[in-house]
Every structure is written in C-alpha cells, then in structure tokens.
Amino acid sequence: MNQPIKLSLEQEFGLRIFADQVHQMSREQAQIFLLKLYEQMMIQETSYQQLLKHEWKLDSGSISG
C-alpha cells in the first residue's frame, strides 16, 4: 500500500496559521476566498499541464483534465 504524503513541520505550521485566519473570516469573506482559491488551483493545474506538454514535447496534442 502507498504511504500517505505527510506535511513537513513548516507546512503544518503554515496550515495552522491559515486555519486561524479562516476562522476569523465572516461567511461572505470565506465564500469569496474559496472562489478565488479554486480559481488559483485551476490556473495552477493548467500551468502544470502546459509545462508537461512542453517538457514531454506534446504541444501538438492535448492533455485533458
């Protein structure tokens, strides 16, 4: 079986700080934040796909997600 990927202590600390910040947000602020976060995740995914296409010389094809 695969071992789950664990966060480093630095990442765990960052996650705790992030959680504290989220708990202080209003519902509306949290909703806006989630929408922006999701958009950034999609941009990051597209960037990775484009990078992989270029690195693997698949520029003429497409990678669908």
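These notes cover the structure that comes with them. Everything numeric in this text was worked out from a predicted model, so none of it was measured. (Residues numbered from 1 in each chain as written. Predicted model: local features only at pLDDT ≥ 70, side-chain atom pairs only at ≥ 80, totals over all residues. Heavy atoms only, no water.)

Looking now at the overall build of the protein chain. Along its length, the protein chain carries two helices and zero strands. Relative to its 65 residues, the protein chain shows a buried fraction of 3%. Split by element, the accessible area of the protein chain, about 6600 Å² in all, is 59% carbon and sulfur. (Helix = DSSP H or I, 4+ residues; strand = E, 2+ residues; numbered from the N terminus. Buried < 20%, exposed > 50% of the residue type's maximum accessible area, 1.4 Å probe, protein only. Areas by Shrake-Rupley, 256 points an atom, 1.4 Å probe, with all protein chains shown as cover.)

Summed over the entire model, instances satisfying the criterion amount to one salt bridge. As a salt-bridge pair, D20 and R16 come within 3.4 Å of each other at their nearest N and O atoms. Here D20 pairs with R16, and both are found in helix 1 (residues 9-23), just four residues apart, close to one helical turn. The exposure class of D20 is partly exposed, given its relative accessible area of 34%. Since its relative accessible area comes to 56%, R16 is described here as exposed. (Salt bridge = Lys/Arg side-chain N within 4 Å of Asp/Glu carboxyl O.)

This part is about unusual backbone geometry. Although it is not a glycine, K57 adopts a positive phi angle of roughly 55°. Looking at the secondary structure, you find K57 in the segment after helix 2 (27-55).

The next point concerns helix 2. Taking 1.5 Å as the rise per residue, helix 2 with 29 residues should run 42 Å; its terminal C-alpha atoms sit 42 Å apart, in good agreement. Immediately downstream of helix 2, the backbone of K57 shows phi near 55°, a positive value. (Expected span 1.5 Å × (residues − 1).)

What follows concerns a nonpolar patch on the surface. Among the surface-exposed residues, L7, L15, F18, V22, L34, L37, Y38, M41 and M42 lie close enough to one another that they form a single nonpolar patch of about 820 Å² accessible area. Breaking the nonpolar patch down by element, the ones donating at least two residues are helix 1 and helix 2. In terms of residues, the nonpolar patch owes the most to one element, helix 2, which gives five residues. (Patch = residues over 30% accessible without salt bridge, like charges linked within 9 Å, V, L, I, M, F, W, Y side chains within 5 Å.)

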